[in-house]
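Each chain, written out:
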Amino acid sequence: MATMLHIFPYLIIISLFLQCAGAQARLSAKLFEPSVLLSKSSTPSLVNVTLYEEALCPDCAEFITGPLTQMFQNGLSAITTLTIIPYGNAKLIGGSIRCQHGPDECTLDRIEACVIDFYPDTHSWFSFISCVEQQPAASRLELWPQCGVALGLDVIGIQNCADGEKGAELEARNRKLTESLDPPHRFVPWVTVDGAPLYEDLDSFFERICEAYKGTEKPETCARLDGAAGTYPSSRNLQLWGHVE
Ligand SMILES: *[C@@H]1O[C@H](CO)[C@@H](O)[C@H](O)[C@H]1NC(C)=O
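Residues numbered from 1 in each chain as written. Predicted model: local features only at pLDDT ≥ 70, side-chain atom pairs only at ≥ 80, totals over all residues.

By the naming in an unreviewed UniProt entry, the protein goes by Interferon and is assigned to Klebsormidium nitens. In its Sequence similarities (unreviewed entry) section, the UniProt record describing the protein reads: "Belongs to the GILT family." On record in UniProt, under Subcellular location (unreviewed entry), the comment for the protein is "Secreted". (UniProt positions renumbered as here; feature names shortened; annotations may be inferred.)

Next up, the structure:
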């Protein structure tokens, strides 16, 4: 009996190790053989949600801190792949990029792009963008490092990225992605679900995700929505395309 008690903790440790080893193996399989796994389990594909935005636009901030943040609380993030393209209504004029709300917005767009690029885990980069967009527009450039520090991100690395070649590269890529939209965006926030724009109908955001998802087991939120009005306020002045200050 005494011996049994003595080895008991070791048994727990060994069984924990085996469980972890099992999880590790499953994770590697997921990383390296996605097609094999998909064909075996016929996992329904995730819904592509893409937001084209710019860092200082009030309606973008409202969408990010509202419906997009709620998506992570109501379970719909589990059936989506979220992409954010920070560029918005910026334009290439005479060889340089001009942002709708001035140079600070270009800097913040690059900062957001760098964080998305550095921290591919959706929760990591989205937490940062959500934190930045919660700040008053006039303080975002000053306060983003505090969001970065609070989330344990490499603030210096992000700043260097935004000021350097990498930031310019990401900005150019985001310009291409925005300019190749078909149909073209007319204002921001511009939201697409599986490539189809929502236009002004941002109220239908959650319903559109639920409709697009082909899995049989939809999140509970989808059943609860069922015709209910969305939570996004319908009276807004969307930032119109072409309005460059
Ligand atoms: C979602 O995006 C991925 C990656 O770009 C693409 O391969 C896939 O076809 C998209 N799915 C839909 C339904 O648009």
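### Focus: the nonpolar core
Core analysis: the largest hydrophobic core is formed by 50 residues, its most contacted members being Ile 111, Cys 114, Val 115, Phe 128, Ile 129, Ile 158 and Ile 209. The element best represented in this core is helix α4 (residues 103-118), accounting for seven residues. When neighbours within four sequence positions are excluded, Phe 128 is seen to be in contact with Val 115, Cys 147, Gly 148, Leu 151 and Leu 153. (Core = buried A, V, L, I, M, F, W, Y, C linked by C-beta atoms within 7 Å. Buried ≥ 20, exposed ≤ 12 C-beta atoms within 10 Å, placed from the backbone. Helix = DSSP H or I, 4+ residues; strand = E, 2+ residues; numbered from the N terminus. Contact = placed C-beta atoms within 7 Å.)

### Some words on the pairing of strand β1 (residues 47-53)
Burial within β1 is extensive, with five of its seven residues counted as buried. Sheet topology places β1 next to strand β6 (residues 190-193); four bridges connect them, and they run antiparallel. Paired with Tyr 52 across the bridge in β6 is Trp 190. (Pairing = 2+ DSSP bridges.)

### Focus on the sheet that holds strand β2 (residues 80-86)
Strand order in this open sheet of four strands is β2-β1-β6-β7, and the pairing throughout is mixed. On the outer flanks of this sheet lie β2 and β7 (196-197), each paired with one strand and no other. Note that β1 and β2 share seven bridges and pair parallel. Within β2, the position partnered with Asn 48 by the bridge is Thr 81.

### Considering the packing of helix α5 (residues 122-134) against helix α6 (residues 140-150)
If you want to describe how two helices pack, look at the angle between their axes and the distance between the axes. Taken N-terminus to C-terminus, the directions of α5 and α6 make an angle of 145 degrees; their axes are 9 Å apart at the nearest point. Pair α5 / α6 crosses with right-handed handedness. For the pair α5 and α6, the contacting residues are Phe 128, Cys 131 and Val 132 in the first and Arg 140, Trp 144, Cys 147, Gly 148 and Ala 150 in the second. The class makeup of the residues in the contact of α5 with α6 is six nonpolar, one polar and one charged. (Axes fitted to C-alpha atoms, helices over the stretch in contact; angles between N-to-C directions. Left-handed = near helix turned anticlockwise from the far one by under 90°. Nonpolar A, V, L, I, M, F, W, Y, C, P; charged D, E, K, R; others polar.)

### A look at unusual backbone geometry
Cis geometry marks the peptide bond from Asp 182 to Pro 183, where omega comes out at 0 degrees. For Pro 183, the position within the fold is in the loop between α8 (165-179) and β5 (187-188). Residue Pro 189 follows Val 188 across a cis peptide bond; omega there is 0 degrees. Within the fold, Pro 189 resides in the loop between β5 and β6. In this structure, Asp 194 takes a positive phi of about 50 degrees despite not being glycine. For Asp 194, a count of 16 C-beta atoms within 10 Å corresponds to the partly exposed category. You will see that Tyr 199, though not glycine, has its phi angle at about 50 degrees, which is positive. Assignment of secondary structure puts Tyr 199 in the loop between β7 and α9 (205-212).

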